[in-house]
Amino acid sequence: MANTNLQFKTNYVVDSKIEPFYKGGKVQISKDEQYIFCTCESRVNVLEISTGKIVHSVQHDDQEDITSFALSCDDEMLVTASRALLLKQWDWRQAQCIRSWRAIHTVPVASMTFDSTSTLVATGGCDGTIKLWDVVKQYCTHNLKGSSGVVHLVQFHPDISRLQLFSSSLDCGIRLWDLRTSQCVCVLQSHYSAVTSLSFSPDGGTMVSSGRDKICTVWDLKSRKAKRTVPVYEAVEGVVLLPEDEDLSQIGVKSKDLHFITAGSKGVLRVWEASTARCVYAQTLTAVSEEEEEEEKEDDPRGLTYLLLLPASSRLATVTAEHNIVLYQLPGLTTQQQFVGYNDEVLDVKFLGKGDSHIVVATNSCQLKVFELLTNTCQILYGHTDTVLSLDVFKKGFLFASCAKDRSVRVWQMDGESGRVHCVAHGSNHANAVGSITCSRMKASFVVSGSQDCTLKVWDLPADLSTTGADIHQLTPRATEKAHDKDVNSVAVSPNDKLLASGSQDRTAKLWSLAAEGIVGMLGVFRGHRRGVWTVCFSPVDQVLATSSADGATKLWSLQDFSCLKTFEGHDASVLKVIFVSRGTQLLTSGSDGLVKLWTIKTNECVKTLDAHQDKVWGLHSSSKDDKMVTGSADSNITVWVDVTEVELAEEQAKQEDQILKQQELSNLLHEKKYLKALGLAIALDQPRTVLAVIKAIRQVENGHTLLEKTVLKLRVDQKESLLRYCAVWNTNARNCQDAQAVLQVLLTHLPPEELLQYQGARTHLEGLIPYTERHMQRIGNLLQASMFLNYMWQKMRVAGAPSSMGQDEEEMDTTPLAQPFFMVDKEKGMESGDEEKQDGDDSDGGQDEDPNCPVKEKQEEEEDDEVSASKKASTNNGLIENGGSPKTNGNHHSESEESSEEEDLEDQTTVKVMKCLPVSSTPQCQTFAS
């Protein structure tokens, strides 16, 4: 087994997250070009470009989806519109709503924009009206009617002195509004489909419009006529006029004429010369197969939906149909940064690169995404033509393999210096979707794939995987084996590359030999799961295989006899992934319940359950150093976890050392009789027992009550709160109730009720004190009553040989209670004693009192009348004891008349027990006198 000094893991915490921040809708970049604003359902997220992190987020209180938003040109104000027809103005840096007002639109707002002075905001509604708002003076300035259908585009002329607004709606015309007269000056007709964007020249005299009718139109705004129509042969979503004062010869700009760049459904950026209407530059994308090109004609995931210019840094930003935001650097249109707004369902995730600096992710798409964990920037890898289902990484971390529904496998290589990833090998030989893939462990020599065609294939890799240009190695399988009766869900290669394991939907896992060239030989079958097997994984140190299944169980199997060694059950649903950690001594499992569990194999114990996902956790992988793990879920979240076992252990040790030091300090303070500091320290340690010990020590000294009073009143308010809480607990125990009552007396005497009620939970604590205090008072009353009766009996019993001339004062009842050591009342024992024992005791006591030959009786007959009456009174009391009555002593008539019969019985038994204790000393004396 592993090294005995190995520290078991106990906990992971979230280190970082890659979350969805954009799910479609408007995208805007701040004027300082540091932030990207984008909508995500009911939120507007602010993404910092330099770090790739969401730094701010604003959300409507009513959780309604945000339909449009606009950022002012000075980057100060953000205005949002929701489906609830509310407009809100935000201080977005503080995520605070400054004010909100009701949009006068009858249906949601579809478009919104600010003017260049950041004072006017225009809203285009789905009701065909446009409204202008003065956000400084806070009123509606214009209500422009006349558009047909949804106004999906509003834009101010950049020269605000013209006071012109352009809009477009379903009639495909571009309306020009004069804000001085609130009238539509003209309608620019050229497009036959929705107008998607407008771009103005620096002098404001020329405008270019783009539409989904596959044309762009250049307009002369002075004559309000179309100067030229440029056919671009794709539905255009964005158009931007290129700056004239820069050298853009790398993208085909050779003259000073007007040039513009378009982004559309084909997913490429193209540069057009306005005067000649020809394309002077077209961006090249990764080569795709003919089959993929046919599929892309209908719905291309690479299609672009927005195009934005960042003039200060000479960059362009595009938004793709798959919610990716890509930044290009001019003049070469080189890709600078990519951000993934929405990952959809994450199907697999693996660590990659030197020091696990990157992760590669397979989402519910045909592209692979490689994230740099430090900046969250992403490379999007094109190659597969259908959903990528599984990934695996070779040992060194720069080479990985993928498989997809397109029935192919691909091998990818990362450049260690630049971090760029490209495809180096491709194989396609399966008859159905390839659902699982695994790599050789010792060196990059082969990959094994498992498919829905129920077969396994072993693919040999060439010794030299370096490629030149667009050429990639074609892989052919060296061995194919019909492995299972149903889909192969998982395959795994042993650490020595000699064994192969496969798990299938047919509820079995199988072990195969890879030793022979070209042959995959079956060694045995693992049977025991009740549902399909999702994952198989070899232990890195033992001859053990781990499997996880849809039956909610994870099992460990022996490779020697194929028997089940252990079963781990804890997930409420399918266990989708299992991996070994801590050198094979622990397991990590992830399930359909969204949980990740850490197990210790030796004890079969679930050490920790990690809950950070809301849906199936398909992806689970541990880093090469075994100090991190990454999980990917169907909720579109990717979470990187870090092992904090050593950190928590160090914190616990430091805490224990601190506790020991404080305990020593507390002992020193008590020894030095510095009770105030001792009490404060005990409360700070949150040790009620120690606090009680300090209070007992204070009460035992001379003038303890006064000292306790001074000490308690000097405590801080929070310390008094804790003390009140402790008193409520101490008061439930008869041993500690006196200390609790002493503290309560100080608090209730010196603190006003208003201050006490301000304490946290004071009302609850005081309500809890009342019933126990009443019980203690009742107990003390019963004890006092019993002691008074005992004292009375003691006074009336005469010791043998006592002189008859005792003064009358000595025979009167002494009501002073006896010292505590003389008697002990045990109610519980008295109640539990048998009837027979009780009756015997009563008879013996009663008989002794009524014996006519007793000298005490004779002596009493010879005494004076008042003594005779007192003797009769004692005899009457003893007679009552025989009959189960309770003795009535002086001062207790009123209290006993209010007690119930049960309490009377209890007191009788208590009194009888006290009486039974008396003859120990008195009976022998009586017998001696008689003799």
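These figures come from a predicted structure and were not determined experimentally. (Residues numbered from 1 in each chain as written. Predicted model: local features only at pLDDT ≥ 70, side-chain atom pairs only at ≥ 80, totals over all residues. Heavy atoms only, no water.)

Draft legend 1. Geometry of the overall build of the chain. When helices and strands are counted, the chain shows 17 helices and 57 strands. With 931 residues in all, the chain has 50% of them scored as buried. With the model as given, the accessible surface of the chain reaches about 44600 Å², and the carbon-plus-sulfur share is 48%. (Helix = DSSP H or I, 4+ residues; strand = E, 2+ residues; numbered from the N terminus. Buried < 20%, exposed > 50% of the residue type's maximum accessible area, 1.4 Å probe, protein only. Areas by Shrake-Rupley, 256 points an atom, 1.4 Å probe, with all protein chains shown as cover.)

Draft legend 2. Helix H3 (residues 675-684), seen in detail. Burial within H3 is extensive, with seven of its ten residues counted as buried. What H3 keeps buried is the set Tyr675, Ala678, Leu679, Gly680, Leu681, Ala682 and Ile683. In this structure, the buried residues of H3 make contact with helix H2 (645-671), helix H4 (688-700), helix H5 (704-713) and helix H6 (717-730). (Contact = heavy atoms within 4.5 Å.)

Draft legend 3. Main features of the packing of H3 against H4. Between H3 and H4, the least distance of the axes is 8 Å, while the angle of their chain directions is 165°. The angle between H3 and H4 places the two elements in the roughly antiparallel class. In this structure, H3 crosses over H4, and the sense of that crossing is left-handed. Residues Tyr675, Ala678, Leu679, Ala682 and Ile683 of H3 form the contact with H4, whose own contacting residues are Thr690, Val691, Val694, Ile695, Ala697 and Ile698. Of the residues assigned to the contact of H3 with H4, the class counts are ten nonpolar, one polar and no charged. (Axes fitted to C-alpha atoms, helices over the stretch in contact; angles between N-to-C directions. Parallel < 35°, antiparallel > 145°, perpendicular 65-115°, else oblique. Left-handed = near helix turned anticlockwise from the far one by under 90°. Nonpolar A, V, L, I, M, F, W, Y, C, P; charged D, E, K, R; others polar.)

Draft legend 4. Fine view of empty space enclosed by the protein. Tallying each qualifying case throughout the model produces two cavities of 30 Å³ or more. Volume-wise, the second largest cavity comes out at about 30 Å³. If you go around the second largest cavity, the residues you meet are Ser16, Lys17, Ile18, Leu373, Asn376, Ile638 and Val640. Elements supplying a minimum of two residues to the lining of the second largest cavity: strand S1 (12-18) and strand S57 (638-643). Here the lining of the second largest cavity takes three residues from S1, the largest share from any one element. Looking at the lining of the second largest cavity residue by residue, the classes come out as four nonpolar, two polar and one charged. (1 Å grid on protein atoms, 1.4 Å probe; cavity = no way out; pocket = protein on both sides within 12 Å on 5 of 7 lines; lining within 4 Å. Points joined across faces, edges and corners; volume = space filled by probe spheres on them.)

Draft legend 5. Molecular detail of the sheet that holds strand S28 (residues 324-329). Read from one edge of the open sheet, four strands run S26-S27-S28-S29, paired in antiparallel fashion. Both edges of this open sheet fall to strand S26 (304-310) and strand S29 (334-340), since each of them pairs with a single strand only. Strand-to-strand twist across the sheet, computed as the mean angle between neighbouring axes with direction ignored, equals 20°. Across six bridges, S26 lies against strand S27 (residues 315-320) in antiparallel orientation. (Pairing = 2+ DSSP bridges.)

Draft legend 6. Just the pairing of S27, in detail. Of all six residues making up S27, six are buried, and the element is well covered by its neighbours. Covered by surrounding structure in S27 are Arg315, Ala317 and Val319 together with Leu316, Thr318 and Thr320, the residues of both alternating faces. Here S26 folds back onto S27, and the loop between the two strands holds four residues, one of which, Ser314, carries a positive phi near 50°. Here five bridges tie S27 to S28, and the two strands are oriented antiparallel to one another. Counterpart to Arg315 in the pairing with S28 is Gln329.

Draft legend 7. How the structure looks around the sheet that holds strand S5 (residues 54-59). Taken together, the four strands give an open sheet; going across it, the order is S2-S3-S4-S5, and neighbouring strands pair in antiparallel fashion. Each edge of the sheet is formed by a strand with only one pairing partner; in this case those strands are strand S2 (27-29) and S5. Here the strands of the sheet are splayed against their neighbours by 20° on average, with no regard to which way each runs. Of the strand pairs in this sheet, strand S3 (residues 35-40) and strand S4 (residues 43-48) are connected by six bridges, and their pairing is antiparallel. Looking across to S4, one finds that Thr39 is bridged to Val44.

Draft legend 8. Quick look at the packing of aromatic side chains. Going through the model one piece at a time under the given rule, you end up with ten aromatic pairs. Both rings, one in Phe526 and one in Trp557, keep their centres 5.6 Å apart while their planes meet at 55°; by these two values the pair is tilted. Remark: Trp557 occurs in strand S49 (residues 553-558) and Phe526 occurs in strand S46 (residues 521-527); sequence separation between them is 31 residues. A centroid spacing of 5.5 Å and a plane angle of 80° characterise the contact between Trp534 and Trp618, whose relative ring orientation is edge-to-face. Within this pair, whereas Trp534 is found in strand S47 (residues 533-538), its partner Trp618 is found in strand S55 (residues 617-622), the two being separated by 84 residues in sequence. The exposure class assigned to Trp534 is partly exposed, which follows from its relative accessible area of 26%. Lys26 extends its terminal NZ or CZ atom over the ring of Phe69, reaching a point 5.4 Å from the ring centre. (Phe/Tyr/Trp six-rings, centres within 6.5 Å; stacked < 30°, edge-to-face > 60°. Lys NZ or Arg CZ within 6 Å of the ring centre and 35° of its normal.)

Draft legend 9. The arrangement of the pairing of strand S12 (residues 129-134) in detail. Most of S12 sits inside the fold, with six of its six residues counted as buried. What you see with S12 is no split at all: Thr129, Lys131 and Trp133 on one side and Ile130, Leu132 and Asp134 on the other are buried throughout. With five bridges joining them, strand S11 (residues 120-125) and S12 adopt antiparallel strand pairing. Directly across from Leu120, in S12, lies its bridge partner Asp134. Taking the residues between adjacent antiparallel strands as the criterion, S11 and S12 are bridged by three residues, where Gly128 takes a positive phi near 85°. Bridge count between S12 and strand S13 (residues 139-145): six bridges; the pairing is antiparallel. If you follow Lys131 over to S13, its bridge partner there is Asn143. Counted between consecutive antiparallel strands, the loop separating S12 from S13 contains four residues, among which Gln138 sits at a positive phi close to 65°.

Draft legend 10. Structural view of the nonpolar core. Val691, Ile695, Leu708, Leu723 and Trp730 are the most contacted members of the largest nonpolar core, which totals 34 residues. Excluding residues within four positions of it along the chain, Leu723 makes contact with Ile683, Val691, Ile695, Val712, Leu715, Trp730 and Val743. (Core = buried A, V, L, I, M, F, W, Y, C linked by side-chain atoms within 4.5 Å.)

Draft legend 11. Geometry of the pattern of salt bridges. Scanning all chains against the criterion turns up 18 salt bridges. Measuring nitrogen to oxygen at the nearest pair gives 3.7 Å for the salt bridge that ties Asp626 to Lys9. Pair noted here: Asp626 is in the loop between S55 and strand S56 (628-633) and Lys9 is in the segment before S1, with a separation of 617 residues, a long-range link. With respect to class, Asp626 is no different from Lys9; both count as buried. Asp718 is paired through a salt bridge with Arg716; the nearest N and O atoms lie 3.1 Å apart. Owing to a relative accessible area of 38%, Asp718 belongs among the partly exposed residues under this scheme. Connected via shared salt-bridge partners are Lys9, Asp626 and Asp643. (Salt bridge = Lys/Arg side-chain N within 4 Å of Asp/Glu carboxyl O.)

Draft legend 12. Structural detail: the packing of H2 against H3. Between H2 and H3, the least distance of the axes is 8 Å, while the angle of their chain directions is 155°. Classified by the interaxial angle, the pair formed by H2 and H3 is roughly antiparallel. Along this stretch, H2 crosses H3, giving a crossing that reads as left-handed. Here H2 contributes Lys662, Glu665, Leu666, Leu669 and Leu670 to the contact with H3, which in turn contributes Tyr675, Lys677, Ala678, Leu681 and Ala682. Within the contact of H2 with H3, the residues separate by chemical class into seven nonpolar, no polar and three charged.

Draft legend 13. Seen up close, the environment of Asp611. Relative to the helices and strands, Asp611 resides in strand S54 (residues 605-611). Under the relative-accessibility criterion, Asp611 is labelled exposed at 56%. The sequence separation of Asp611 and Lys597 amounts to 14 residues, and the corresponding C-alpha distance is 8.8 Å. Setting aside residues no more than four positions away along its own chain, Asp611 makes contact with Gly594 and Leu595.

Draft legend 14. Quick peek at the environment of Val349. Structurally, Val349 can be placed in strand S30 (residues 346-352). Taking C-alpha positions, Val349 is 9.3 Å from Ser633, a pair spaced 284 residues apart along the chain. For Val349, the contacting residues outside a window of four places in its chain are Ile359, Val360, Val361, Leu391, Gly619, Leu620, His621, Val630, Thr631, Gly632 and Ile638.

Draft legend 15. Spatial organisation of the environment of Gln379. In this structure, Gln379 sits in strand S33 (residues 378-381). The class of Gln379 is buried, set by a relative accessible area of 9%. Not counting chain neighbours up to four residues away, the residues in contact with Gln379 comprise Gln338, Leu368, Lys369, Val370, Gly419, Arg420 and Val421. One polar contact links the side chain of Gln379 to the main-chain carbonyl oxygen of Gly419, over a distance of 2.5 Å. (Polar contact = N/O pair within 3.5 Å; in protein donor to acceptor, adjacent residues only side chain to side chain.)

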